[in-house]
Structures are given as C-alpha cells and as structure tokens.
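# Report on the structure
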Amino acid sequence: MELVFASSNQNKIKEIASMLGEAFILKGLKDINCTVDIPETSGTIEGNAIQKAMYVYNNFDGIDCFSEDTGLEIKALNMRPGVKTARYAGPEKDADANMDKVLLELGDKKNREARFRTVIAYIKNGNIETFEGIAEGTISFERMGNKGFGYDPVFIPKGYETSFAQMDAEEKNKISHRAKAFQLFLKFIKNQQ
Ligand code: IMP
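What comes next concerns the included structure. (Residues numbered from 1 in each chain as written. Predicted model: local features only at pLDDT ≥ 70, side-chain atom pairs only at ≥ 80, totals over all residues. Heavy atoms only, no water.)

Counting 18 residues, the largest nonpolar core has Leu72, Ile74, Ile139, Tyr151 and Phe155 as the members making the most contacts within it. For this core, the elements supplying multiple residues, two or more each, are strand E3 (65-74), helix H3 (95-106), strand E5 (113-124) and strand E6 (127-139). Here the element with the most residues in this core is H3; it accounts for 4 residues. The next biggest cluster of nonpolar side chains, apart from the first, holds 16 residues, and it includes Phe5, Ile13, Phe131 and Ala181. (Core = buried A, V, L, I, M, F, W, Y, C linked by side-chain atoms within 4.5 Å. Buried < 20%, exposed > 50% of the residue type's maximum accessible area, 1.4 Å probe, protein only. Helix = DSSP H or I, 4+ residues; strand = E, 2+ residues; numbered from the N terminus.)

Quick look at the structure:
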C-alpha cells in the first residue's frame, strides 16, 4: 500500500517508514514533486495537521496521505506556545531562541507542568481520521542535555528526572508524543488492510 506523508523532513520520513514496515511504500512531499511550503494557518494543532493533509489530497489527485503536527503546551502560560511552538520566538524557527523565551516567561514559577501533543491527520478516500499522542512532563529551570532537537533540553517527561535531551532516541521514542500518536495510527491502518 502506498502512503504519502505530508512532510519534507527526511529524518521523520525514515523514522515512520521503519515503523510502517514493508507492507507500505512511504513517500514524502519531494517524492510527489510537492515543493511548496504548505500553509499552516488554522490556529490549532489538529487544524494544521488536517490542513496539511487536505492540501496534498486536494492537489495530488486525492492520494491517500497523512500529516503530523506537534505543539508544546505549558499550563502556566495558558497552554502556549501551542500552535506557535515552532515559531515561538520568531519566523526563524530557532530552537535556542524558543527555549530562551519559554524559560524567561516561566521565570521561577513553581507550576512548570507542560505537555507535548502530536496530532496525525489521515485522509483516505476523502475521509479524515485523527490520532493524538501526549507526553506529559515539566519544563526545567535550565537546559539539560544536548541530544534530540527542539525543546528537548528543557522538557522532563513525567516519571523521569532527565530531560528528553539526556535520553537516547530509542528511550525517547518509547514514551514520546509522536510515538504514541503513530502507534494509534499504525494500529488503525493495519486493521484496515
Ligand atoms: P513539528 O510539528 O514536528 O514540526 O514540530 C513543531 C515544533 O515542536 C518544532 O519547534 C519542534 O522543534 C517542536 N517539537 C516537536 N516535537 C518535539 C520533540 O519531540 N522534542 C522537542 N521539540 C519538539
């Protein structure tokens, strides 16, 4: 079965392809000659995931496709950065500037509860299904570790004392928001076959 992942991030495409196994041929945006920066203007994480998948569905012959969108939601910041997670400190999508902004806004606040939330939107024959994965945790007072990407150095998953950036990819992938959402999605498409 052929599936298109509405992403041009080769690392993500490889990671998902290995999860899907050989029964699926996974294609990224490049593989279908989609080179535009797909708009993400909906104002919510789920809305953006649906918007990206719909874009591919509408512009590429109603092909089966899915997309993924992730946000960091911090309780004491009224669930910000949320849909603005990638560009919190500006359009450059700079991870260091984003973390600095979050740490500055939180200051020495005691309540540092946060969660990463991933939504996957899957479109098959025009029907949309969504799958959500959440990783609960807290925001640290300073950066810890240098593995991973994005906000990993300041996110401590619940039940741990280390940040995502202090974990090996394998360990993080067992508990991450993205892995949880993908497990639900995989179960769904494998059941459909
Ligand atoms: P995207 O939807 O995967 O492109 O992610 C949106 C934003 O969330 C980007 O700024 C990423 O750096 C951040 N992000 C997504 N997943 C993670 C993660 O697992 N760890 C740290 N940051 C993440």
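Taken together, the 12 bridges between E5 and E6 define a ladder with antiparallel strand orientation. Bridge pairing links Thr118 to Gly133 in E6. With 3 bridges connecting them, E6 and strand E7 (residues 155-157) associate as antiparallel partners. Opposite Thr138, over in E7, you have Ile156 as the bridge partner. (Pairing = 2+ DSSP bridges.)

A few words now on the site of the ligand. If you check the shell around the ligand, you find 14 residues, and the closest are Lys12, Asp152, Lys172, His177 and Arg178. Lys12 places a side-chain nitrogen or oxygen 2.6 Å from an oxygen atom of the ligand. At 2.6 Å from a nitrogen atom of the ligand is found a side-chain nitrogen or oxygen belonging to Asp152. Counting only elements with at least two residues in the shell around the ligand, the list comes to E3 and helix H5 (177-192). Along the lines of polarity and charge, the residues of the shell around the ligand split into 4 nonpolar, 4 polar and 6 charged. (Near = heavy atom within 4 Å. Polar contact = N/O pair within 3.5 Å; in protein donor to acceptor, adjacent residues only side chain to side chain. Nonpolar A, V, L, I, M, F, W, Y, C, P; charged D, E, K, R; others polar.)

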